[in-house]
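# Close look at the chain arrangement
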Amino acid sequence: MKLLLIPLLLFGVGNDFKAARQRMVGTQLEARDITDRAVLDSMATVPRHEFAGKKHLSRAYGDFPLPIGYGQTISQPYIVALMTQLLNLKGGERVLEVGTGSGYQSAVLSPIVEKVYTIEIVPELAGTARERLKRLDYGNVEVKEGDGYFGWEEKGPFDAIVVTAAASHVPPPLIAQLKEGGKMIIPVGGTFAVQTLMLVEKREGKIKQTAITGVRFVPLTGGH
Ligand code: SAH
């Protein structure tokens, strides 16, 4: 009896997560301004509950950020979707993420682009994210432990860069590692202030910055 019940229960739970994910896409993303089909499709498939940790399983698809340990958080689903959509990805890109955290943002990028490089400064988080992404078969994501302020020069230049921690300024090494025509999304501002999500574009060697909206992120730490 027990043997029969366990797979049935697991099947039920799996379906609940799928339904919760579809609700999340409808009510939190499509109902706002997320229209990029590739972003919506990816967010409808990436199992956010696998990234949120066991304690937060029932809250994994809620409209808010979630703690992932070490004082860090995964962003609210809408913010992940917005940042990904703003990169205007068409497929085939090489993308750099600074601030791997749980690996969720990388997993959302994975099916959309060719290759994701992601850097995390907290060694434990880098290790857990690397194992999790491997276990869940996100084979085109490479995780490095290090200070993402300096980017990942050997793997650059990148078509797109997404920074998921707030910096006091746009790091010059990241601008240098952005391809001509490339786009970077980065929250800029102080730790206890409201920060501004900035779109940084490199065109004909010039940098254009556009303020998108107010956000709240954990700070970009490191030696800069
Ligand atoms: N994108 C993550 C959440 C990011 S939270 C996700 O989807 O789960 C911000 C992350 O940035 C934290 O894990 C923090 O440790 C990391 N971080 C902060 N400063 C950093 C730096 N200088 N280089 C790399 N990672 C950094």
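What comes next concerns the included structure. Owing to the predicted nature of the structure, the values given are computational and were not obtained by experimental measurement. (Residues numbered from 1 in each chain as written. Predicted model: local features only at pLDDT ≥ 70, side-chain atom pairs only at ≥ 80, totals over all residues. Heavy atoms only, no water.)

### A closer look at the site of the ligand
The environment of the ligand is formed by 25 residues, the closest being Ser 102, Glu 120, Asp 147, Gly 148 and Thr 221. Against a free-state accessible area of 580 Å², the protein chains account for coverage of 99% of the ligand. Mapped by element, the contributors of at least two residues to the shell around the ligand are strand E2 (72–74), helix H5 (104–109) and strand E4 (115–120). No other element matches E2, which puts 3 residues into the shell around the ligand. (Near = heavy atom within 4 Å. Areas by Shrake-Rupley, 256 points an atom, 1.4 Å probe, with all protein chains shown as cover. Helix = DSSP H or I, 4+ residues; strand = E, 2+ residues; numbered from the N terminus.)

### Quick look at the environment of Leu 87
For Leu 87, the position within the fold is in the loop between helix H4 (77–86) and strand E3 (94–98). Leave out the neighbours within four places in its chain, and Leu 87 touches Leu 109, Ala 160, Ile 161, Val 162, Lys 183, Met 184 and Ile 185. (Contact = heavy atoms within 4.5 Å.)

### Side note on the nonpolar core
Core analysis: the biggest nonpolar cluster contains 50 residues, and Met 43, Phe 51 and Tyr 104 have the highest contact counts within it. Residues within four places of Phe 51 in sequence aside, it is in contact with Val 46, Ile 68, Ile 74, Ser 102, Gly 103, Tyr 104, Ala 107, Arg 132, Leu 133, Leu 136 and Tyr 138. Judged by nonpolar contacts, the second largest core, of 21 residues, contains Tyr 149, Ala 167, Leu 178 and Val 188. (Core = buried A, V, L, I, M, F, W, Y, C linked by side-chain atoms within 4.5 Å. Buried < 20%, exposed > 50% of the residue type's maximum accessible area, 1.4 Å probe, protein only.)

### Quick word on the side chain of Thr 164
Relative to the helices and strands, Thr 164 resides in the loop between strand E6 (158–163) and helix H7 (172–176). A distance of 2.8 Å separates the side chain of Thr 164 from the backbone oxygen of Gly 99, its partner in a polar contact. When sequence neighbours within four positions are dropped, the list of residues in contact with Thr 164 reads Met 83, Glu 97, Val 98, Gly 99, Gln 105 and Phe 217. (Polar contact = N/O pair within 3.5 Å; in protein donor to acceptor, adjacent residues only side chain to side chain.)

### Focus: the pattern of salt bridges
Pairing between side chains of opposite charge can happen when their charged atoms approach one another. Counted according to the given criterion, the structure contains 9 salt bridges. For Arg 37, the salt bridge is made with Glu 30, and the minimal N-O distance between the two is 3.8 Å. Salt bridges sharing common partners tie together Glu 30, Arg 37 and Asp 41. (Salt bridge = Lys/Arg side-chain N within 4 Å of Asp/Glu carboxyl O.)

### Let's talk about the pairing of strand E9 (residues 206–215)
The pairing of strand E8 (residues 195–203) with E9 spans 9 bridges and is classified as antiparallel. Bridged to Met 198 within E9 is Ala 211. From the end of E8 to the start of E9, which pair antiparallel, there are 2 residues, and Glu 204 there has a positive phi angle of about 50 degrees. (Pairing = 2+ DSSP bridges.)

### Describing unusual backbone geometry
Cis geometry marks the peptide bond from Gly 156 to Pro 157, where omega comes out at 0 degrees. Along the chain, Pro 157 falls in the loop between strand E5 (141–145) and E6. In this model, Asn 88 sits at a positive phi of 55 degrees, which is unusual for a non-glycine residue. By secondary structure assignment, the location of Asn 88 is in the loop between H4 and E3. Residue class for Asn 88 comes out partly exposed when judged on its relative accessible area of 38%.

### A word on the packing of aromatic side chains
Inspection of the entire model under this criterion finds 5 aromatic pairs. Taking 5.1 Å as the distance between ring centres and 75 degrees as the angle between the ring planes, the aromatic pair formed by Tyr 149 and Phe 150 counts as edge-to-face. Members of the aromatic cluster, each reached through a chain of ring pairs, are Tyr 117, Trp 152 and Phe 158. Its guanidinium or amino end placed over the ring of Tyr 104, Arg 48 lies 5.0 Å from that ring's centre, counting from NZ or CZ. (Phe/Tyr/Trp six-rings, centres within 6.5 Å; stacked < 30°, edge-to-face > 60°. Lys NZ or Arg CZ within 6 Å of the ring centre and 35° of its normal.)

### Regarding the sheet that holds E9
Judged by pairing direction, the sheet is mixed, and its 7 strands sit side by side in the order E5-E4-E3-E6-E7-E8-E9 without closing on themselves. The sheet is open, and its two borders are formed by E5 and E9, each paired with just one other strand. Between one strand axis and the next, the sheet turns by 15 degrees as a mean value, whatever way the strands run. (Axes fitted to C-alpha atoms, helices over the stretch in contact; angles between N-to-C directions.)

### Examining the environment of Thr 210
Counting through the fold element by element, Thr 210 comes out in strand E9. Along the primary structure Thr 210 and Val 200 are separated by 10 residues, whereas in three dimensions their C-alpha atoms are 6.6 Å apart.

### Observations regarding helix H2 (residues 37–45)
Buried within H2 we find Val 39, Leu 40, Ser 42 and Met 43. Taken around the axis of H2, the buried residues stretch over an arc of 165 degrees, which confines them to a single face. Structurally, the start of H2 carries an N-cap: the backbone nitrogen of Ala 38 is 3.0 Å from a side-chain oxygen of Asp 36. (Arc of directions from axis to C-beta.)

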